[in-house]
Amino acid sequence: MTITVTTDAPTFDCRVDFAEELAAMAREDDRIVAVCNDSVGSSNLTKFRDEFPDRLINVGIAEQDLVGVGAGLANAGLIPFVCAAGPFLTGRATEQIKADVAYSQQHVVLCGQSPGMAYGELGPTHHSIEDLSWMRAIAGLPVVVPADGAQTRLAVRWAAQLGTGSYLRIPRFKVPSVSAPADEFEFGKAVIARAGTDVTIVAIGTMVSRALWAADILAKDGVSVRVLNMAFVEPLDRDAVTLAARETGGIVTVEEATISGGLGAAVASHVAETNPCRMRILGVPGQFAPTGDASFLLDHFGLNADGIVTAVREVLRDGRAQ
């Protein structure tokens, strides 16, 4: 499969797809409820509230209560979608996510809205770059990062049927469509967005389209790049990573998050145990991201096509030097 995304392709806010799919499921299943922390607007739940006023619970700015209420609703047989800005949901309520959701095996869908550096100008307090590291450290909690609107809808449906807790990262930064009609959403499985033999780029969320742009640039120079859309950061598709390490000349990971403990760390620890290969890990390198709009911040950390191309060329150069 080869997906091509032009740089001028239309872009979409995945929160819209999230909210529309949630409302569609609520019409089908009266167990679906939404819980938020005074974030009806930023979670794009206004229409849900208007259509289902008795099925949206707003706990105010109290994220620990937010998760606790969600766990209680799940224990009563409902399917709560607990929505809040990524940094506050995961930072303020980590204990409740661990104890009340994961350890207790409650069917709570945790929805980290506007993750990564999407809040831009609001600065480091609102950047959600540690959430992947925190959440994937919790046993039994799948961590899902959809790459576009279509995959967001599939992730929402999947999480509603899972039966246990999960963490969904719902992008705010607008992205183009990177899904093919035949793509499936399978637990712990990556989607091969582009076939290739020289280097593999493993990307998540907002970075998948940028990985595809980089692959197009490299293709013009005769470099064959495989692009994996790794929607599940936990559990990682270890088979896809193993094949990438064996079949291509190296791996570049790209995430809108800190490189400490996230996607890159997961991939690196796996290949170190199974099939060591040359790697580059792109993300936020162990520092607080500064204040600025999201596009500026992504460029600042090289999380763009040019930065990915440079990393791929470094991996290829390292291989030739051996």
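Cut-off values and rules
Residues numbered from 1 in each chain as written. Predicted model: local features only at pLDDT ≥ 70, side-chain atom pairs only at ≥ 80, totals over all residues. Heavy atoms only, no water. Buried < 20%, exposed > 50% of the residue type's maximum accessible area, 1.4 Å probe, protein only. Helix = DSSP H or I, 4+ residues; strand = E, 2+ residues; numbered from the N terminus. Contact = heavy atoms within 4.5 Å. Patch = residues over 30% accessible without salt bridge, like charges linked within 9 Å, V, L, I, M, F, W, Y side chains within 5 Å. Areas by Shrake-Rupley, 256 points an atom, 1.4 Å probe, with all protein chains shown as cover. Salt bridge = Lys/Arg side-chain N within 4 Å of Asp/Glu carboxyl O. Lys, Arg positive; Asp, Glu negative; His and termini not counted. Charge placed at Lys NZ, Arg CZ, Asp CG, Glu CD. Pairing = 2+ DSSP bridges. Axes fitted to C-alpha atoms, helices over the stretch in contact; angles between N-to-C directions. Core = buried A, V, L, I, M, F, W, Y, C linked by side-chain atoms within 4.5 Å. Left-handed = near helix turned anticlockwise from the far one by under 90°. Nonpolar A, V, L, I, M, F, W, Y, C, P; charged D, E, K, R; others polar. Right-handed = clockwise from strand over helix to strand, strands pointing away. Phe/Tyr/Trp six-rings, centres within 6.5 Å; stacked < 30°, edge-to-face > 60°.

Observations regarding helix α9 (residues 238-247)
Alright, step 1. Within the span of α9, buried status applies to Ala 240, Val 241, Thr 242, Ala 244 and Ala 245.
Alright, step 2. Summarising the contacts, the buried residues of α9 are in contact with β8 (199-203), β9 (225-229), β11 (251-258) and α10 (263-274).

Quick word on a negative patch on the surface
Alright, step 1. A cluster of acidic residues, Glu 121, Asp 293, Asp 299 and Asp 306, forms a negative patch at the surface.
Alright, step 2. Relative to the elements of secondary structure, Asp 293 occurs in the loop between β12 (279-284) and α11 (294-300).
Alright, step 3. You can call Asp 293 partly exposed: its relative accessible area is 37%.

Concerning the sheet that holds strand β6 (residues 166-170)
Alright, step 1. If you walk across this open sheet you meet the seven strands as β2-β1-β3-β4-β6-β5-β10, and the pairing is mixed. Of all the strands in the sheet, just β2 (56-58) and β10 (232-234) have a single pairing partner and so form its edges.
Alright, step 2. Direction of pairing for strand β1 (residues 32-36) relative to β2: parallel, over a ladder of three bridges. By the bridge assignment for β2, Cys 36 is matched with Asn 58.
Alright, step 3. The strands that helix α3 (residues 63-75) touches are β1, β2, β3 (79-85) and β4 (109-113); relative to β3, the one it contacts most, it runs at about 170°.

Side note on the nonpolar core
Alright, step 1. Counting residues in hydrophobic clusters, the biggest one holds 40 residues, and the most contacted among them are Leu 89, Leu 110, Met 230, Ile 251 and Val 267.
Alright, step 2. Looking at this core, the elements that each hand over two or more residues are β1, α3, β3, α5 (94-103), α6 (131-136), α9, β11 and α10.
Alright, step 3. A per-element tally of this core places α3 first, with five residues.
Alright, step 4. When sequence neighbours within four positions are dropped, the list of residues in contact with Leu 89 reads Glu 63, Leu 66, Val 67, Val 82, Ala 84, Ile 97, Leu 110, Cys 111, Gly 112 and Tyr 167.
Alright, step 5. Among the nonpolar cores identified, the runner-up in size contains 39 residues, and Ala 203, Leu 212, Leu 297 and Val 309 belong to it.

Details of the pattern of salt bridges
Alright, step 1. Within this structure, the stated rule accounts for 16 salt bridges.
Alright, step 2. Of the charged contacts, one joins Arg 27 and Glu 51 as a salt bridge, the two residues approaching to 2.7 Å between their closest N and O atoms. Of the two residues, Arg 27 is situated in helix α1 (residues 14-28) and Glu 51 in helix α2 (residues 46-51); the sequence distance between them amounts to 24 residues.
Alright, step 3. Glu 314 serves as the salt-bridge partner of Arg 280, at 2.9 Å between the closest nitrogen and oxygen. With Arg 280 in strand β12 and Glu 314 in helix α12 (residues 305-321), this pair connects stretches of sequence that are 34 residues apart.
Alright, step 4. Residue class for Arg 280 comes out partly exposed when judged on its relative accessible area of 24%.
Alright, step 5. Residue classification places Glu 314 among the partly exposed positions, given a relative accessible area of 23%.
Alright, step 6. Salt bridges sharing partners connect three or more residues here, namely Asp 17, Glu 20, Glu 21, Glu 28, Arg 153 and Arg 157.

Some details on the packing of α9 against α10
Alright, step 1. One way to put it is that α9 packs onto α10 with a least axis distance of 10 Å and a crossing angle of 65°. In this structure, the crossing between α9 and α10 has a hand that is right-handed. Residues Arg 238, Val 241, Thr 242 and Ala 245 of α9 form the contact with α10, whose own contacting residues are Val 267, His 270, Val 271 and Thr 274.
Alright, step 2. Within the contact of α9 with α10, the residues separate by chemical class into four nonpolar, three polar and one charged.

Here's the deal with the pairing of β9
Alright, step 1. Within β9, five of the five residues are buried, which leaves it mostly tucked inside the rest of the structure.
Alright, step 2. Residues Val 225, Val 227 and Asn 229 of β9 are buried on one face, and the alternating residues Arg 226 and Leu 228, pointing to the opposite face, are buried as well.
Alright, step 3. Here three bridges tie strand β7 (residues 191-194) to β9, and the two strands are oriented antiparallel to one another. What sits directly across from Val 191, in β9, is Asn 229.
Alright, step 4. What joins β8 to β9 is helix α8 (residues 207-219), and the crossover it makes is right-handed.

Observations regarding the sheet that holds β11
Alright, step 1. Reading across from one edge, β7-β9-β8-β11-β12 is the order of the five strands in this open sheet, with mixed pairing throughout. The sheet is open, and its two edges are formed by β7 and β12, each paired on a single side. Within the sheet, the average angular offset between the axes of one strand and its neighbour, ignoring direction, is 25°.
Alright, step 2. Along the sheet face, α8 touches β7, β8, β9 and β11 and points at about 170° away from the line of β9.

Overview of the packing of aromatic side chains
Alright, step 1. With the rule as written, the count across this model stands at seven aromatic pairs.
Alright, step 2. Look at Phe 48 and Phe 52: their rings are 5.0 Å apart centre to centre, the planes differ by 45°, and that puts the pair in the tilted class. For the pair shown, Phe 48 and Phe 52 are each scored as buried.
Alright, step 3. Ring centres 5.8 Å apart and planes at 15° place the aromatic pair Trp 158 and Phe 187 in the stacked group. Residue Trp 158 is found in helix α7 (residues 149-162), and its partner Phe 187 is found in the loop between β6 and β7; the two are separated by 29 residues along the sequence.
Alright, step 4. Three or more aromatic residues joined by ring pairs form one cluster here, namely Trp 158, Phe 185, Phe 187 and Phe 232.

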